[in-house]
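Here are the chains, one letter per residue:
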Amino acid sequence: MAIVSSNAGAASPRREPVLDAQPSPEESSGRPDDGLRPKRLDDYIGQAELKQVLGIAVQAALGRGEALDHVLLYGPPGLGKTTMALVLAEELGVTCRITSAPALERPRDIVGLLVNVQPRDLLFIDEIHRLNRVAEELLYPAMEDRRLDLTVGKGSTARTRSLELPPFTLVGATTKAGSLSSPLRDRFGLIQRLEFYGQEDLEAIVSRTADLLKVSLSAAACRRIAGCCRGTPRIANRLLRRVRDVACVQGRQDQIDEGLVTQALSLHRVDHRGLDAGDRRLLAQLDQHHGGGPVGLDTLAAALGEDPTTLESVVEPFLLQQGLLVRTPRGRMLTDAARDHLREQEAA
């Protein structure tokens, strides 16, 4: 009698599919809205001083045939930090590798990025202030000496190996520049802040986006959207998409006027100053229930059913910039401008 092995006739082990590092044609084509980002510095609207500084640095690097110095871009969200990194890569004629600090949890994540970087490539790390300590320690010699220090083995057999890296450019973006450690911040050769956009630049951005989306927008409608976007291009593009949705449903894409914009923004509860429902709730709470303040943050958060951190980091900054709210040692207080705005909204 023949002896049959216990695994004879069994199915061969199932192999997991191997992921290809090269993007598929569908991935390479990108999302439709990726075309909204400018490709060159000349197409980038606003931030004139930033463009001038970076333009000179790019021309100097190309003239010397070297990699651009490391760049740190900081400022509020939605002002174009990622877009500027992509523009720099396009101007330099190199590949831009994009990642974010929370994705670099383990040492091998940052090591994998650095060992695969090509000469003069641009590595973009978003929210770089959230890098952990180990990732930062690996970046220090990579940024300064183009060297990657690796520890091989454990215990008494451990030894250090150094890998030489090609020249590359690290572009870091953060909304909290003060949260970066001094050793990391000091290793950036260019540290630039992105400012809020003015009305004229925002109108140009809205007009450009409308052309790319094939939407016909009147001058008055363009001004209205630009005036409601809090000085932020990302919000301007978002509002324009919502206006386009309403125009599409009503069959009025051929000519979007100010009345249609007002209707669409009212539907999303955005007023002419860019305040949304959450902003007005906070102001109304202070006005109607606390006599204008001062009121502590925790008291306001409990009354509104919101997290204190959300109020402090998301809702309050724009109100403070607009002069509608004041922070005092005793708490938050309304300004006369906020009371006037609330009365205008009630009358409307």
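Given the structure is predicted, the values throughout are model-derived calculations rather than measurements. Going along each chain's sequence as written, the residues are numbered from 1 onward. This being a predicted model, a pLDDT of at least 70 is required before a residue's local features are given, and a value of 80 or more before pairs of side-chain atoms are given or counted; all residues contribute to the totals for chains, interfaces and linings. With hydrogens and water excluded, all non-hydrogen atoms of the structure serve as input to the side-chain values.

S.K.: Could you give an account of the overall build of the protein chain, with specific residues and numbers?
M.R.: Check the secondary structure of the protein chain and you find 14 helices and nine strands. The rule is simple: take the accessible area with a 1.4 Å probe, protein chains only, and divide by the maximum for that residue type; under 20% is buried, over 50% is exposed, in between is partly exposed. Taking all 348 residues of the protein chain together, 40% fall into the buried category. Only the protein chains shown count as cover for residues, and all accessible areas are computed by the Shrake-Rupley method using a 1.4 Å probe. With the model as given, the accessible surface of the protein chain reaches about 19,400 Å², and the carbon-plus-sulfur share is 48%. Per the convention used, a helix needs a DSSP run of H or I reaching at least four residues, while a strand needs a run of E reaching at least two, with both numbered from the N terminus.

S.K.: Can you lay out the pairing of strand β6 (residues 169-174) for me, pointing to particular residues and giving the numbers?
M.R.: For β6, a buried count of six out of six residues is recorded, marking the element as mostly surrounded by other parts of the structure. Here strand β1 (residues 71-74) runs beside β6; their pairing, made up of four bridges, is parallel. The residue bridging Y74 from the neighbouring strand is T174, located in β6. The pairing of strand β3 (residues 122-126) with β6 spans five bridges and is classified as parallel. Pairing of D126 across the sheet is with A173, part of β6. Two strands pair under a simple rule: DSSP has to find at least two bridges between them.

S.K.: Describe the side chain of T232, naming the residues involved and giving the relevant values.
M.R.: Looking at the element boundaries, T232 is found in the loop between α8 (219-227) and α9 (233-250). The contacts of T232, once residues within four sequence positions are left out, are P77, G78, L79, F196 and L202. In this description, contact between two residues means that some pair of their heavy atoms is separated by no more than 4.5 Å.

S.K.: I'd love a proper account of α9, names of residues and values included.
M.R.: Each residue after the first adds 1.5 Å to the expected span of a helix. Helix length check: α9 (18 residues) gives 26 Å between terminal C-alpha atoms against 26 Å at 1.5 Å per residue, within 8%. Taken together, the buried positions of α9 are occupied by P233, I235, A236, N237, L239, L240, R241, V243, V246 and A247. In this structure, the buried side of α9 is in contact with α7 (199-212), α8 and α10 (258-267). Taken from the residues just after α9, G251 is the one with a positive phi, measuring 70°.

S.K.: Describe in detail the packing of helix α11 (residues 277-289) against helix α14 (residues 336-347), supporting the description with residues and values.
M.R.: Axis angle and axis distance: for two packed helices, these are the angle between their axes and the distance between the axes, and together they describe the pair. Throughout, an axis means a line fitted to C-alpha atoms (over the contacting stretch in the case of helices), and angles, computed between N-to-C directions, take values from 0 to 180 degrees. At a minimum axis separation of 10 Å, α11 and α14 run at an interaxial angle of 105°. Of the possible angle classes, the one that applies to α11 and α14 is roughly perpendicular. In this structure, α11 contributes R280, L283, A284, D287 and Q288 to the contact, and α14 contributes A338, R339, L342, R343, Q345 and E346. Under the grouping applied here, Gly and all other residues not named as nonpolar or charged are polar, the nonpolar ones being Ala, Val, Leu, Ile, Met, Phe, Trp, Tyr, Cys and Pro and the charged ones Asp, Glu, Lys and Arg. Here the contact of α11 with α14 is built from residues that sort into four nonpolar, two polar and five charged. The scheme is simple: roughly parallel for angles under 35 degrees, roughly antiparallel for over 145, roughly perpendicular for 65 to 115, oblique for anything else.

S.K.: Tell me about the pattern of salt bridges, residues and numbers included.
M.R.: Once the charged atoms of two side chains with opposite charge are near each other, the side chains can pair. What counts as a salt bridge is simple: a side-chain nitrogen of Lys or Arg found within 4 Å of a carboxyl oxygen of Asp or Glu. Across all of its chains, the model carries 17 salt bridges by this definition. Among the ionic pairs, D276 bridges to R230, the shortest N-O distance being 3.6 Å. Here D276, found in the loop between α10 and α11, pairs with R230, found in the loop between α8 and α9; they are 46 residues apart in sequence, far enough to count as distant. Here the salt bridges do not stand alone but share partners, grouping R230, D276 and D279 into one network.

S.K.: Requested: an account of the sheet that holds β3, with residues and values cited.
M.R.: By definition, the strands of a sheet pair up through backbone hydrogen bonds, in either a parallel or an antiparallel sense. Taking strand neighbours across the sheet as the criterion, the five strands line up as β2-β3-β6-β1-β7 in an open arrangement whose pairing is parallel. Sheet topology places β2 (96-100) and β7 (190-193) at the edges, where each strand pairs with a single neighbour. Each adjacent strand pair in this sheet contributes to an overall mean axis angle of 15°, direction not counted. Strands β1 and β7 of the sheet are contacted by helix α2 (residues 48-64), whose axis makes an angle of about 160° with β7. This element, helix α3 (residues 81-92), spans β1, β2, β3 and β6 of the sheet and lies at about 180° to β3.

S.K.: An account of the state of the cysteines is needed here, citing residue identities and associated values.
M.R.: The disulfide criterion used throughout: a pair of cysteine sulfur atoms within 2.5 Å. Evaluated as defined, the whole model comprises zero disulfides. For the unlinked cysteine C229, the closest cysteine sulfur is that of C228, found at 7.7 Å.

S.K.: Now, about the environment of K39: what can you tell me, with residues and values included?
M.R.: Along the chain, K39 falls in the loop between α1 (25-29) and α2. Given a relative accessible area of 46%, K39 falls into the partly exposed group.

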